[in-house]
Amino acid sequence: MDMDLKGTIEQMETGEQDAALTALQSYNTEMNHCFTFSKEDERDRELLGGLVLGFLDRELQPSCQLACLETVRILSRDKHCLEPFTSRSAMSTLARYAGIAVVSTATPARSQPVEGQVEGEEGEGDEAAEVPSEEVKEASPPSENSDQELIVESLKSISNILLHNETGQAVAADLQLIKGVAERLKQCHDPTWIHEVRFFDLRITFLLTALRMDVRAQLVQELHGISLLGNQLDATLGLCWPDTLETARAGLEVGEQLPPLSRQQTELTMEILKILFNITFDTSRHKVDEEEAAEYRHLGALLRHCLMSHADGEERTEEFHSHTVNLLGNLPLPCLDVLLVPKVQQGSIEYMGVNMDAVNMLLEFMEKILDRGCKLRETLLPSLSLLTESARIHRETRKFLRSKVLPPLRDVTNKPEVGSALRNKLVRIMTSIDTDVKDCAAEFLFVLCKESVSRFIKYTGYGNAAGLLAARGLLRGGRDSGIYSEDEESDTEEYREAKAHINPITGVVEEEQPNPMEGMTEEQKELEAMKLVHMFDRLSRNNLIQPMQLGMDGKMREISPEELANSDSEEEA
């Protein structure tokens, strides 16, 4: 392998195009599936990278251009040897071949590849055409697939550089590559571009918005990224709009079952969803004006369609829906009503006259993740949080979810955490060791109970509910400050009959236990009580437990040693 690399370098150093082409093609064939590289050859690989970039600045045959760009793609996989590719000139060269370069000064456009003109065309453009400062030349689709091969290889190389190298990220931002990509994204309805060009345009956009906050802001504000990517999503899914916020798949009859998305559609859609997540990450945390709200509601309608669509295969569908749910969680809360907009059709799930297909899909998705039980923080929290906020602000959504999750209580013989119903599963994770997971599950059930303490305890038991109630200062009972409609009677006959015998701590009717102090004299009882006091005192002094008491604000507070001493002296008195 070492000799192959050195031999390739020797052929490149001759400067002869034919010799270089033969050497590079051989090297590329040998290394095409190589993703790990030896440390000993690092300097040679960097030297080869520099030589290849030098060739790319010359006028070359298309086959030699392609071989050079394939070599750059292979070499850029090695994150330790990216120095030749992260300079401004190197990134500019790759951007020109990728068709996403932005001309920053008035320069002749002769003899160098530019957007949509990726090979040096001899005999054309002898008159130097000047391009104004920071103009993005529209990327017109090349007429032959070989031209698009050059674009794809360049885009792959830029993706590798952005993924592995901070300097490369900074240079890409400085060169305004996002503008060039955005210009081509506008051509989302043009069928000439092949899938790989579309995919790697989106991949570069994703990497830039994930790694550079300045690019993220630029895409949103200057390049109207939400609208741009919404159009991209619309085109990828092949949608039509029967009504303002109602989508349908073009060519299908109303109510007809949606066919699964193709692999390519799914790949593109997931990249778009990830980019949109990056650029809307803080949207739910600030107020939006009327124009922005309309834009987000339009996006919400697209996401509803994603939620109701399926990919090719269950695992792929779950990943697709996961990205959709993550993005829905970024939308401003008032815009989530778009999930309920579609008219009720034959086969729809109707509740209170509203189409609940999307909400039901979210609930089923959440339960599927809950059943799997792994990585709950990453996978469960987004869907659970989304359902909680939807239920909090939309009465119909809350009532529908409550009918599914907290139906009228009939079984009072099993603990709330025991069983296979969705309520049982959620109550079980209310005692999870992951604080965020247990808090989110408790919050969801609390909202479905209209933030009523007595109803919350009824469905979960006081022991399971105590954590949320303590955090909210509601251990004395009552209701939190949420705005809900008047309570409706929901107690079943079975519950009313058993209510007086239910242990509020466990939430179930328990068999009567024998009195452990039966048969003891008063002196024996007092002696046992003092033993217990001394044990607690010893644990407290050794800092193994912290004595607490319920304050007037409904929250637990520490009892100081002085207060304990005073209480002991009062007892003795």
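We now turn to the structure provided with this report. These figures come from a predicted structure and were not determined experimentally.

Cut-offs and rules
Residues numbered from 1 in each chain as written. Predicted model: local features only at pLDDT ≥ 70, side-chain atom pairs only at ≥ 80, totals over all residues. Heavy atoms only, no water. Phe/Tyr/Trp six-rings, centres within 6.5 Å; stacked < 30°, edge-to-face > 60°. Buried < 20%, exposed > 50% of the residue type's maximum accessible area, 1.4 Å probe, protein only. Lys NZ or Arg CZ within 6 Å of the ring centre and 35° of its normal. Core = buried A, V, L, I, M, F, W, Y, C linked by side-chain atoms within 4.5 Å. Contact = heavy atoms within 4.5 Å. Helix = DSSP H or I, 4+ residues; strand = E, 2+ residues; numbered from the N terminus. Salt bridge = Lys/Arg side-chain N within 4 Å of Asp/Glu carboxyl O.

As for the packing of aromatic side chains
Alright, step 1. This model, assessed by the stated rule, comprises four aromatic pairs.
Alright, step 2. Here the aromatic rings of Phe-277 and Phe-281 are separated by 5.7 Å at their centres, their planes lie at 65°, and the arrangement is edge-to-face.
Alright, step 3. The partly exposed category is assigned to Phe-281, whose relative accessible area is 42%.
Alright, step 4. Positioned above the aromatic ring of Phe-55, the side-chain terminus of Arg-58 is 4.4 Å from the ring centre.
Alright, step 5. The ring of Phe-35 has Arg-77 sitting right over it, with the charged end atom 4.1 Å from the ring centre.

Some remarks on the nonpolar core
Alright, step 1. Counting residues in hydrophobic clusters, the biggest one holds 141 residues, and the most contacted among them are Met-366, Leu-426, Phe-444, Phe-456 and Leu-469.
Alright, step 2. With residues up to four places along the chain from it excluded, the contact list for Leu-469 reads Phe-446, Val-453, Phe-456, Ile-457, Tyr-462, Leu-474 and Leu-475.

Comments concerning the environment of Leu-276
Alright, step 1. As for its placement among the helices and strands, Leu-276 is situated in helix α12 (residues 263-279).
Alright, step 2. Given the relative accessible area of 0%, Leu-276 is considered buried.
Alright, step 3. On a C-alpha basis, the gap between Leu-276 and Asn-330 in space is 9.3 Å, while along the polypeptide they are 54 residues apart.

Description of unusual backbone geometry
Alright, step 1. Here the phi dihedral of Met-352 falls at roughly 55°; this positive angle occurs in a residue that is not glycine.
Alright, step 2. Looking at Met-352, the relative accessible area reads 41%, which means it is partly exposed.
Alright, step 3. One non-glycine residue, Lys-450, adopts positive backbone phi at about 55°.
Alright, step 4. By the element assignment, Lys-450 lies in the loop between α19 (435-448) and α20 (453-460).

Points about the environment of Ala-19
Alright, step 1. Within the fold, Ala-19 resides in helix α2 (residues 17-31).
Alright, step 2. By relative accessible area, Ala-19 is classed as buried at 16%.
Alright, step 3. The sequence separation of Ala-19 and Thr-8 amounts to eleven residues, and the corresponding C-alpha distance is 9.2 Å.
Alright, step 4. Not counting residues up to four positions away in its chain, the partners in contact with Ala-19 are Gln-11 and Thr-14.

Some thoughts on the pattern of salt bridges
Should their charged atoms come close, side chains of opposite charge can pair.
Alright, step 1. Under the definition given, this model contains 31 salt bridges.
Alright, step 2. Among the salt bridges present, the one from Arg-45 reaches Asp-78, with a minimum N-O distance of 2.8 Å. With Arg-45 in helix α3 (residues 42-56) and Asp-78 in the loop between α4 (62-75) and α5 (88-98), this pair connects stretches of sequence that are 33 residues apart. The residues Arg-45 and Asp-78 share a single accessibility class, namely buried.
Alright, step 3. Taken together, the shared-partner salt bridges connect Glu-389, Arg-392, Glu-443, Glu-451 and Arg-472 into one network.

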